[in-house]
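A closer look at the structure
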Amino acid sequence: IDMTTSQPDRYTVGNMIQLRGNDLRFKLSDLTQGTFFRSGSAAEVRGTLYGQNEPGIVSVAVPAALSGPLTVRHAAYINGSIRSYTYTHTLTPVV
């Protein structure tokens, strides 16, 4: 959810999005955990600015260097290993 416009599956570059689900909380200092963004075939970029980091909600700023449709993957340590989920919808920028 774009936190600027409250629109699902959208983002405003440099502003926060909110992810909702289960078992989302992660260790900020572990660079293998967190929210990762991919634009096209470029390498993934990990979010660096986080707000909420709770079991059911994580908020993260979309890195300013990204543009266009984005694939989002979230990784967290759950039951003894790092697990990740790639969201089935791509995020599109708010115009």
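Structure: above.
First things first, this report covers the structure right here in the doc. (Residues numbered from 1 in each chain as written. Predicted model: local features only at pLDDT ≥ 70, side-chain atom pairs only at ≥ 80, totals over all residues. Heavy atoms only, no water.)

1. Considering the nonpolar core
Defined as follows: We define the nonpolar core as a collection of buried residues of types Ala, Val, Leu, Ile, Met, Phe, Trp, Tyr and Cys that are connected through side-chain atoms lying within 4.5 Å of one another. When a residue's accessible area, from a 1.4 Å probe over protein chains only, is under 20% of the maximum for its type it is buried; when over 50% it is exposed; and in between it is partly exposed. Every helix listed is a DSSP run of H or I at least four residues long, and every strand listed is a run of E at least two residues long, numbered separately from the N terminus. Whether two residues are in contact is decided by their heavy atoms, any of which lying within 4.5 Å being enough.
Formed by 16 residues in total, the largest nonpolar core has its most connected members in Tyr 11, Ile 17, Phe 37, Val 62, Leu 70 and Leu 91. Considering each element in turn, this core owes the most residues, 4 residues, to strand β7 (residues 70-78). The contacts of Val 62, once residues within four sequence positions are left out, are Tyr 11, Thr 12, Val 13, Gly 14, Asn 15, Ile 17, Phe 37 and Leu 70.

2. Section: the packing of aromatic side chains
The line we're drawing: Centres within 6.5 Å make a pair out of two Phe, Tyr or Trp rings, where for Trp the six-membered ring is used; the pair is then stacked when the planes are under 30 degrees apart, edge-to-face when over 60, and tilted otherwise. A ring is scored as having a charge over it whenever the NZ atom of a lysine or the CZ atom of an arginine sits within 6 Å of its centre and within 35 degrees of its normal.
With the rule as written, the count across this model stands at 2 aromatic pairs. When the centroid spacing of 4.9 Å and the interplanar angle of 65° are considered together, the rings of Phe 26 and Tyr 50 count as edge-to-face. One end of the pair, Phe 26, is in the loop between β2 (16-20) and β3 (34-39); the other, Tyr 50, is in strand β5 (residues 50-53), and 24 residues separate them in sequence. With relative accessibility at 14%, the residue Tyr 50 sits in the buried group. For the ring pair Tyr 85 and Tyr 87, a centre distance of 5.1 Å and an interplane angle of 85° mean the geometry is edge-to-face. The class for Tyr 85 is partly exposed, based on a relative accessible area of 44%. Given the relative accessible area of 24%, Tyr 87 is considered partly exposed. Across from the ring centre of Phe 36, 4.4 Å away, lies the NZ or CZ of Arg 73, which sits over that ring.

3. Some points on the sheet that holds strand β8 (residues 81-86)
We count it as follows: Here the rule is simple: two strands pair whenever DSSP picks up at least two bridges between them.
Sheet architecture is open: 4 strands sit in the order β4-β3-β7-β8, paired in antiparallel fashion. Strands with a single pairing partner mark the edges of an open sheet, and in this sheet they are β4 (45-46) and β8.

4. A closer look at the sheet that holds β2
In plain terms, the rule: Axis geometry follows a simple rule: fit a line to the C-alpha atoms, using only the stretch in contact for helices, then measure angles between N-to-C directions, giving values from 0 to 180 degrees.
Strands sit in the order β2-β6-β5 across an open sheet of 3 strands; the sheet is antiparallel. Strands at the two margins of the open sheet, each flanked by one partner only, are β2 and β5. Mean inter-strand twist for the sheet, computed between neighbouring axes without regard to direction, equals 15°. Here 2 bridges tie β5 to strand β6 (residues 57-61), and the two strands are oriented antiparallel to one another. Residue pairing in the sheet places Asn 53 in a bridge with Val 58 of β6.

5. Digging into the environment of Pro 69
The residue Pro 69 is located in the loop between β6 and β7 in this model. For Pro 69, a relative accessible area of 52% corresponds to the exposed category. With 24 residues separating them along the chain, Pro 69 and Pro 93 place their C-alpha atoms 6.8 Å apart.

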